Amino acid sequence: MEVSASDRELIAVMRQYFAAKAELESLRTQLEAARQAAGEAIGVFYDPRQNAEHAADLQRAHRLRGEMASLMQRAEAWGRAASGADRHDRSEAEAEPEEWQSFERRADALFGA
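I will try to describe carefully the structure that is included in this document. Because the structure is a prediction, the values reported are computed rather than measured. (Residues numbered from 1 in each chain as written. Predicted model: local features only at pLDDT ≥ 70, side-chain atom pairs only at ≥ 80, totals over all residues. Heavy atoms only, no water.)

### Description of the overall build of the chain
Consideration 1: The helix and strand tally for the chain stands at three helices and zero strands.
Consideration 2: Its helices and strands taken in sequence order, the chain reads α-α-α from the N to the C terminus.
Consideration 3: Out of the 113 residues belonging to the chain, those deemed buried represent 17%.
Consideration 4: Pairs at least 24 apart in sequence give 58% of the contacts found in the chain among residues at least 6 apart. (Helix = DSSP H or I, 4+ residues; strand = E, 2+ residues; numbered from the N terminus. Buried < 20%, exposed > 50% of the residue type's maximum accessible area, 1.4 Å probe, protein only. Contact = heavy atoms within 4.5 Å.)

### Points about helix α1 (residues 5-38)
Consideration 1: A rise of 1.5 Å per residue sets the reference length of α1, with its 34 residues, at 50 Å; its end C-alpha atoms lie 49 Å apart and thus fit the reference within 8%.
Consideration 2: For α1, the full list of buried residues reads Leu-10, Val-13, Tyr-17, Ala-20, Leu-24, Leu-27, Leu-31 and Arg-35.
Consideration 3: Backbone geometry just after α1 places Gly-39 at a positive phi near 70 degrees. (Expected span 1.5 Å × (residues − 1).)

### Considerations on the pattern of salt bridges
Consideration 1: By the definition in use, this model includes five salt bridges.
Consideration 2: Asp-47 serves as the salt-bridge partner of Arg-49, at 3.1 Å between the closest nitrogen and oxygen.
Consideration 3: Look at Arg-49 and you get exposed, because its relative accessible area is 75%.
Consideration 4: A relative accessible area of 12% means that Asp-47 is categorised as buried. (Salt bridge = Lys/Arg side-chain N within 4 Å of Asp/Glu carboxyl O.)

### Focus on the packing of aromatic side chains
Consideration 1: Under the defined criterion, the tally for this structure stands at two aromatic pairs.
Consideration 2: Here Tyr-17 and Phe-18 contribute two aromatic rings whose centre-to-centre distance is 5.1 Å and whose plane-to-plane angle is 85 degrees, an arrangement assigned as edge-to-face.
Consideration 3: By relative accessible area, Phe-18 is classed as partly exposed at 47%. (Phe/Tyr/Trp six-rings, centres within 6.5 Å; stacked < 30°, edge-to-face > 60°.)

Here's what the structure looks like:
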């Protein structure tokens, strides 16, 4: 099976998505462990303005969520485009027999079959 350039692009996007997701999950686990060890309230610990020690990690988690959303939007756009192309291909395939039928009717009329 041959993979198109568009499919390769989708694969690359999804690899980036899952890499960002894995990094975010790891970061969340580390942050939650640090929060529990410190005994901090969720609202205080996860506010980078109030938690200077973990502010960089909290901002990184926020950027990863944004990156994941952007990547998923690209994948969804690819899916919509592929779905539209499939519908177009199906409608052409369904139209073909009608065209042949009208051709056959015209041929029958011309040749008296």
